[in-house]
Amino acid sequence: MTEFTITVRDLALFCHRQGDIDHRFTPSPTAMQGIEGHQRVYRDRPASYQREFSVSYSAPVAGLGLRVRGRADGYDQTRALVEEIKTCRVDPARIPEPVTRLHLAQGRLYAAMIAEQEDLQALTVQLTWLELDKDREHSLQQDYSRAELRAFLEDSLHRYGTWLALVQAHRARRDLSLRDLPFPHRGFRPGQRELSERVYKCVHQAGRLLLEAPTGIGKTVAVLYPALKALATGRHERIVFTTGKISGRRTAEHTFDQLMRAGYAGNALSLTAKEQVCLSPGRACHGEDCPYARGYYDRLPAARAAALDTQQLDRPALESLARRFEVCPYQLSLDLAPWVDMIIADVHHVFSLTANLAERLAASAERWTVLLDEAHTLPERARQMYGAELARSTLVLARKEAPAVVKKLLDRCNRQFLALEKARLPGAQNEWHESIPDKLHKVLQACFEKLGEQLALDPLLLQQRPALRDWHFAVLQFLRVVELWGDEFRLEVVADTGGQGPRLLLHCLDPGRLLALRHEPVHALVAFSATLTPQRWTLDSLGLDQEAVAYRARSSFAREQLQVQLATHIDTRYQQRQHSLPALAALLRQWLDMVPGNCLLYFSSYSYLQSCLVELEAQGWPEGRLRWVQAPGQDADARGSLLRQLGERRDVAAFCVLGGAFGEGIDLPGDDLSSVVVVGVGLPQVNAANEQLRNHYQKHYGSGFAHAYQYPGMQKVSQALGRVVRLETDYGRALLVDGRYSDPAYRALLPPWWTYRMGPLQEGPV
Ligand code: SF4
């Protein structure tokens, strides 16, 4: 009989959570404060008291073997007492009954297992609340006989086991379907089979794999198919397909749909951001304000059971379930996550500081494989996720809305802002620090705690005060980042502009260490993209150790399918731009005359793009060419207009910014795109933040310029080149304009799959 393991905490949550969604009683803002709270309680316990007492209990239920394991906060043998400790910021009398009942249930489960383990006839369960701010304990005790405890444990196991049997029946159907599941296309393209084999092997060996393969080869299906196949072999239990782009999520959902049509009987859940799926926009996630939060946990079991009959739990399917059972769709998606075979989610759900999946993954006894799509985008996203910003202007607005007790602390925060502003060197726009001033940290912490206390008293407090809410969440993120502080972090104090006071920015220069922590509990990890060169840099910035296997796939396209011309006679470096502009415009004009079909032209900045357009106009706009220009802050409609025109016409010359909305993640097959032009080598702008990156990488890797500028720049160039050839029948051309393309250090970073040629422009078929 296969044994299934569950933790005591999860068993309690599964069986004994009732009532409303209510986030007020999250014990503390940071894990560290929760741990410190426990230590404070332990200090007063007698010598006979055993902390973190390990328990384990196994029983057959509904034809399955169940093992429950965990560690009770405390067990005192002489007093026959089991203790469950929680931290809080309010008088525990205010804590809603369902929350107390849940914690007591957890204590009772521990007590039941200890009674069996230690052969005891009765035990006292003590729930202790520690009021963090007042350092005061409140205890609630209940006495149970062994028979009562055992009945409670067995009832919980029966409820959980019955559900698990349903899930297992679903998995058996899934495994049967996987046995003969064909590849959902006519056959593997060249290169695809090798990719699939490597993914399969990686899952079997619990490995770390870096896969580089050209755009258009069909990476998503080549990675997903073997990962799903491996579910049936029992080498892993769950897959998370993470992507940094909406287009990546759509491709994964589309591929899953194709696999379903081919006979796959498993399920997949798409996680969407709360704001996008919320059925009560503008309301608080609380039973007093939102009907979908009210009684959520009472209706969850029925909604969860119904979800098991749906294969593709995408946004419409979740919304329909949510309306039918009157439950919050966002919370429902999180509660379904442990029960589906595959989750499709933005990288935020796995790698951010508030990543709900990361927590589950770390606590789970099951083996999770992470498939990381567009892996090259993760380091930059991670820098944002591990950064924070606090502005004095937000503080000032928040103060106007704050209750009196919070105002005092906001005033103290304000004094710290002003002290930092005052200490700034005269004339300096921004100042960089390697640590956080202790006083600032302490006062922010105190302010956050006071706000938490007020929030516990009034769940709608922030709902009615938007500026205070912004401040609350900004401080929360700030404190979370400070807790992770290491030598890869910097505090930037940005100067006052317009009497608003300074802004404090926390930068994570190198997210490798924190990403590595996220990878730790993952069974297997496959990071894939069209641009992962150079491998060493990619491994470091993704937090993968040097043991990871890196593989570059052979292309399913012929080299001739993309002819890349290198125009090295034009200097596009910043100081030379004005001088080289006429020659550049003449070259682009020649290209647009000579190479028919739609063309995307990429520039390193909007201003460079505009200067070039002006020069092109002055020289005479190429005949028969429709002009389209990307502008800063363009909305989705404007972006959609370009894609529409590329689909309908064959004469478009679209001027875009490298690395922007059209630089990657768009699919333009066939004649929708015939050529691309990249002006420059894509180097990020030289500014104070990038110079900090450069210094950091110079210190740690000895190659500051390459890490901070050259590699990220050339990655964007490679992505741009990847727009042209998407199908086996596609042929196209590309023009790279910059003197540095004659430098072997830059040439080595270009994708190896295409034909490169230097010299004057040549006529040739597209
Ligand atoms: S429906 Fe919206 S407001 Fe209601 S609980 Fe869900 S996310 Fe919150």
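These numbers were taken from a predicted model, which means no experiment stands behind them.

1. Re the overall build of the protein
- In terms of helices and strands, the protein carries 26 helices and 25 strands.
- A globule of 766 residues ought to have a C-alpha radius of gyration of about 27 Å, and the protein, at 29 Å, matches this closely.
- Structurally, the protein occupies a C-alpha span of about 90 × 70 × 45 Å along its principal axes.
- The buried share of the protein, taken over its 766 residues, is 42%.

2. Describing the site of the ligand
- Of all residues adjacent to the ligand, which total 13 residues, the nearest are Cys278, Cys285, Cys290, Ala293 and Cys328.
- Across the shell around the ligand, the residue classes break down as nine nonpolar, two polar and two charged.

3. Side note on the domain arrangement of the protein
- Split into domains, the protein comes out as domain 1 (3-163), domain 2 (184-376 + 523-552), domain 3 (387-510) and domain 4 (559-758).
- Just the C-alpha atoms count here: the centres of domain 2 and domain 3 sit 34 Å apart.
- Counting residues at the interface gives five residues for domain 2 and four residues for domain 3.
- Residue composition of the side of domain 2 that touches domain 3, grouped by class: two nonpolar, one polar and two charged.

4. Side note on the sheet that holds strand 24 (residues 732-737)
- The strand order across the open sheet formed by seven strands is 21-22-20-23-24-19-25, and the pairing between neighbours is parallel. What marks the edges here is a single partner per strand, and that holds for strand 21 (626-629) and strand 25 (755-758). Strand after strand, the sheet turns through a mean of 20° between neighbouring axes, direction not considered.
- In this structure, strand 19 (residues 562-567) lies alongside strand 25, joined through four bridges in parallel fashion. Considered in strand 25, the bridge of Val564 is made with Tyr756.

5. Some words on the nonpolar core
- Ranked by internal contacts, the top residues of the largest apolar core, which has 172 residues, are Val526, Tyr602 and Val677.
- Broken down by element, this core gets its largest block of residues, eight residues, from helix 25 (residues 704-721).
- Once residues lying within four places of it in the same chain are set aside, the contact partners of Val677 are Leu588, Trp591, Cys599, Leu601, Tyr602, Leu735 and Val737.
- Ala72, Ala105, Tyr144 and Leu157 belong to the second largest nonpolar core, which has 29 residues in total.

6. Some thoughts on the packing of helix 10 (residues 315-325) against helix 11 (residues 329-336)
- For the pair helix 10 and helix 11, the least separation of the axes is 9 Å and the interaxial angle reads 110°. Classed by the angle they form, the pair helix 10 and helix 11 counts as roughly perpendicular. On helix 11, the residues that touch Leu318, Glu319, Leu321 and Ala322 of helix 10 are Pro329, Leu332 and Ser333.
- Here the contact of helix 10 with helix 11 is built from residues that sort into five nonpolar, one polar and one charged.

7. A look at the sheet that holds strand 15 (residues 489-494)
- Read across the sheet, four strands follow the order 13-16-15-14 without closing on themselves; strand pairing throughout is antiparallel. What marks the edges here is a single partner per strand, and that holds for strand 13 (388-391) and strand 14 (430-433). Strand after strand, the sheet turns through a mean of 20° between neighbouring axes, direction not considered.

8. With respect to the environment of Pro684
- Here Pro684 lies in the loop between strand 23 (675-679) and helix 24 (688-701).
- Under the C-beta neighbour-count criterion, Pro684 is labelled partly exposed, with 17 such atoms within 10 Å.
- Spatially, the C-alpha atom of Pro684 lies 55 Å from that of Gly107, the residues being 577 residues apart in sequence.

9. A short note on the environment of Leu646
- In this fold, Leu646 is placed in helix 23 (residues 636-648).
- Between the alpha carbons of Leu646 and Cys599 there is a distance of 8.9 Å; along the sequence they are 47 residues apart.
- Discounting residues that sit within four places of it in the chain, Leu646 has contacts with Asn598, Val652, Leu668, Asp672 and Leu673.

10. Let's talk about unusual backbone geometry
- In the segment running from Thr533 into Pro534, the intervening peptide bond is cis, with an omega of -5°.
- Counting through the fold element by element, Pro534 comes out in the loop between strand 17 (524-529) and helix 20 (535-542).
- Despite not being glycine, Glu52 shows a phi value in the positive range, around 45°.
- Of note, Glu52 is situated in strand 2 (residues 49-61).
- The phi torsion at Ala80 lies on the positive side, around 50°, for a residue other than glycine.

11. Let's talk about the packing of helix 1 (residues 8-16) against helix 3 (residues 97-118)
- Contact pair helix 1 / helix 3: the axes reach a minimum separation of 9 Å and the direction vectors enclose 130°. On the basis of their axis angle, the class for helix 1 and helix 3 is oblique. Relative to helix 3, helix 1 is oriented so that their crossing is right-handed. In this structure, helix 1 uses Val8, Arg9, Leu11, Ala12 and His16 to contact helix 3, whose residues at the interface are Arg101, Leu102, Ala105, Gln106, Leu109 and Tyr110.
- Classifying every residue of the contact of helix 1 with helix 3 gives seven nonpolar, two polar and two charged.

12. Focus: helix 14 (residues 378-385)
- Within the sequence span of helix 14, burial applies to Leu378, Pro379, Ala382 and Met385. What you see down the axis of helix 14 is that its buried residues fit within an arc of 115°, all on one side.
- In this structure, the buried side of helix 14 is in contact with helix 12 (348-351), strand 12 (368-372), helix 19 (512-519) and helix 20.

Criteria and thresholds
- Residues numbered from 1 in each chain as written.
- Predicted model: local features only at pLDDT ≥ 70, side-chain atom pairs only at ≥ 80, totals over all residues.
- Helix = DSSP H or I, 4+ residues; strand = E, 2+ residues; numbered from the N terminus.
- Rg over C-alpha atoms; globule rule 2.2 N^0.38 Å.
- Buried ≥ 20, exposed ≤ 12 C-beta atoms within 10 Å, placed from the backbone.
- Near = placed C-beta within 6 Å.
- Nonpolar A, V, L, I, M, F, W, Y, C, P; charged D, E, K, R; others polar.
- Domains from an automatic or database assignment.
- Contact = placed C-beta atoms within 7 Å.
- Pairing = 2+ DSSP bridges.
- Axes fitted to C-alpha atoms, helices over the stretch in contact; angles between N-to-C directions.
- Core = buried A, V, L, I, M, F, W, Y, C linked by C-beta atoms within 7 Å.
- Parallel < 35°, antiparallel > 145°, perpendicular 65-115°, else oblique.
- Left-handed = near helix turned anticlockwise from the far one by under 90°.
- Arc of directions from axis to C-beta.

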